[in-house]
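Each chain, written out:
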Amino acid sequence: MITQQDIIDQTNRRSAHNYNPLPLVLEKGRGIWVWDSDGHKYLDCLSAYSAVNQGHCHPKIVEAMVTQARKITLTSRAFHNDRMGPFLEKLCQMAKMDKALPMNTGAEAVETAIKAVRKWGYEIKGVSDNKAEIIVMRDNFHGRTITTISMSSEADYKRNFGPFTPGFRLIDYNDPAALEQAVTPNTVAVIMEPIQGEAGIIIPDDGFLTKARKICKRHNILFVLDEIQTGLGRTGKLFCFQHEQNATPDLLIVGKALSGGLYPLSAILASDEIMSVFTPGIHGSTFGGNPLGAAVGLAALQVIEDEKLAERSHILGDYLMRKLQLIQTNRIVTIRGRGLFIGIELDPSLGGARRYCEALMKTGLLCKETHDYVIRLAPPLVIEKAQIDWMVEQIAAVLQD
Ligand SMILES: *Cc1c(COP(=O)(O)O)cnc(C)c1O
């Protein structure tokens, strides 16, 4: 009889220890639920960092994947395939953008965005060779490649990985004056998350995105939003920037829930003008735009639309927030969130959120701490009210114990 501990031991023996998972082994998922290999059932409050907004193994997305897997999976972009067009058509229509460029992981899409804005800077704005600067926000998270960690202010992400990619200028998040000051004639873009997820669900002041966009317009700089985590319904709108009146980005980066968690799938979206910097041979990816990923992506987007997941996130997120605020405990410093994207910040003197996540696991709720003191709540958006009630009961019990 192989136990979960045996599997964990084997994994630890053979895997690099670049993660510190909670001690359970999952083997099945349906909707908001996941099961460990002993058959215990848990409510997934992390949704693979918002990659499974549609719920685990959504039948329509699984069906699209299996059907496509039997036809053709990879053509390379040396040839057209019949799935990429319909997928990008749907994505562009939903995001109200002219064109999209499909990649695989989120970090690759961020790298693609950086290539796009630099090239735009040299070829359209007229910045001199190799001088392009990009303004980024302190405490951001844009991925784990060398260039995306070069954008980061987090020592843990960077230690002993240098030398780093130059050309980034860090400023405080949520500070329009600092943004204005950081602009130089060589600035080509500002890249930010509309809510900083990994930093602990940090929500900027109302109007910050609009102000940032305005500053960008005034100085002929591209306004780029990384909505890999906040996009596709998570915050109660299809895209988080839609919470503000005039915050539409010039370039939008999506990933994670773009495939409903079935496949690594990401993209950048932009206007015809910006996308025109890409010409044949200039950029690419063997798997980017492949028919299997495109079929999955199209189905995943259709589910978000058909099941009104952004609206659900808005309504149920408000409901969850109201219920969490009724929990009587002095362990909570603050609760913040938008839609079903909520962070419970705990009193730092309690020694971190990890042991509360471990306690919640024992009650059947899977959460992951972010930045030591914050419990992130981001269940699949297909969750129902009664399940939220149950979830809050478990959280209250653990935080009041
Ligand atoms: C997850 C994430 C990324 C990186 O995506 P990967 O698929 O892990 O490379 C980039 N930006 C944000 C905001 C993310 O949440």
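Cut-offs used in this document
- Residues numbered from 1 in each chain as written.
- Predicted model: local features only at pLDDT ≥ 70, side-chain atom pairs only at ≥ 80, totals over all residues.
- Heavy atoms only, no water.
- pLDDT = per-residue confidence, 0-100.
- Helix = DSSP H or I, 4+ residues; strand = E, 2+ residues; numbered from the N terminus.
- Pairing = 2+ DSSP bridges.
- Salt bridge = Lys/Arg side-chain N within 4 Å of Asp/Glu carboxyl O.
- Buried < 20%, exposed > 50% of the residue type's maximum accessible area, 1.4 Å probe, protein only.
- Domains from an automatic or database assignment.
- Contact = heavy atoms within 4.5 Å.
- Buried area = accessible area lost by both parts, 1.4 Å probe.
- Polar contact = N/O pair within 3.5 Å; in protein donor to acceptor, adjacent residues only side chain to side chain.
- Near = heavy atom within 4 Å.
- Areas by Shrake-Rupley, 256 points an atom, 1.4 Å probe, with all protein chains shown as cover.
- Nonpolar A, V, L, I, M, F, W, Y, C, P; charged D, E, K, R; others polar.
- Axes fitted to C-alpha atoms, helices over the stretch in contact; angles between N-to-C directions.

### As for the confidence of the model for the protein chain
Reading predicted coordinates in detail is not appropriate for stretches of low pLDDT. Scored by pLDDT, the protein chain has a mean of 97; 100% of the residues are at 70 or more. The least confident element of the protein chain is strand E14 (residues 368–370), whose mean pLDDT is 89; the most confident is strand E8 (residues 222–226), at 99.

### Thoughts on the sheet that holds strand E3 (residues 41–44)
Spatially, the four strands line up as an open sheet ordered E1-E2-E3-E13, and their pairing is mixed. Of all the strands in the sheet, just strand E1 (26–30) and strand E13 (365–366) have a single pairing partner and so form its edges. The sheet contact formed by strand E2 (residues 33–36) and E3 spans three bridges and is antiparallel. By the bridge assignment for E3, valine 34 is matched with tyrosine 42.

### Brief notes about the pattern of salt bridges
Following the criterion strictly, the structure yields 15 salt bridges and no others. For arginine 169, the salt bridge goes to glutamate 133, with nearest N and O atoms at 3.5 Å. Of this pair, arginine 169 sits in strand E6 (residues 168–171) while glutamate 133 is found in strand E5 (residues 133–137), placing the two residues 36 residues apart along the sequence. Looking at arginine 169, the relative accessible area reads 34%, which means it is partly exposed. Residue glutamate 133 is classed as buried on the basis of its relative accessible area of 18%. Residues joined in a network through salt bridges with shared partners are Arg354, Glu358, Lys368 and Glu369.

### Observations regarding the environment of histidine 80
Note on placement: histidine 80 falls in the loop between helix H3 (59–71) and helix H4 (84–95). Looking at histidine 80, the relative accessible area reads 82%, which means it is exposed. The spatial distance from the C-alpha of histidine 80 to the C-alpha of asparagine 160 is 42 Å, given a sequence separation of 80 residues.

### Overview of the domain arrangement of the protein chain
According to the domain assignment, the protein chain consists of domain 1 (4–54 + 310–400) and domain 2 (59–306). Between domain 1 and domain 2, the residue contacts involve 26 residues of the former and 30 residues of the latter. Summed over both partners, the interface of domain 1 with domain 2 comes to about 2200 Å²; 55% of that surface belongs to carbon and sulfur atoms. Looking only at domain 1, the three residues that lose the most surface to domain 2 are Gln54, Arg338 and Phe341, adding up to 36% of its buried area. Here domain 1 and domain 2 share two salt bridges between them. In this assembly, domain 1 and domain 2 are joined by 19 residue pairs in polar contact (both at pLDDT 80 or more).

### Considering the site of the ligand
Looking at the ligand, the residues that line it are Thr105, Gly106, Ala107, Phe141, His142, Gly143, Glu193, Asp226, Ile228, Gln229 and Lys256. Taking phenylalanine 141, its main chain carries an N or O atom lying 3.3 Å from a nitrogen atom of the ligand. In isolation the ligand offers 380 Å² of accessible surface; the protein chains occlude 80% of this area. Across the shell around the ligand, the residue classes tally to three nonpolar, five polar and three charged.

### Examining the sheet that holds strand E7 (residues 187–192)
If you trace the seven strands from one edge of the open sheet to the other, you get E4-E10-E9-E8-E7-E5-E6, paired in mixed fashion. What marks the edges here is a single partner per strand, and that holds for strand E4 (99–103) and E6. Between one strand and the next, the sheet's axes are offset by a mean angle of 20 degrees, whatever the strand orientation. Here E4 runs beside strand E10 (residues 266–270); their pairing, made up of five bridges, is antiparallel. Residue methionine 103 lies in a different strand from E10, and its bridge partner there is serine 266. Along the sheet face, helix H9 (residues 208–218) touches E7 and E8 and points at about 145 degrees away from the line of E8.

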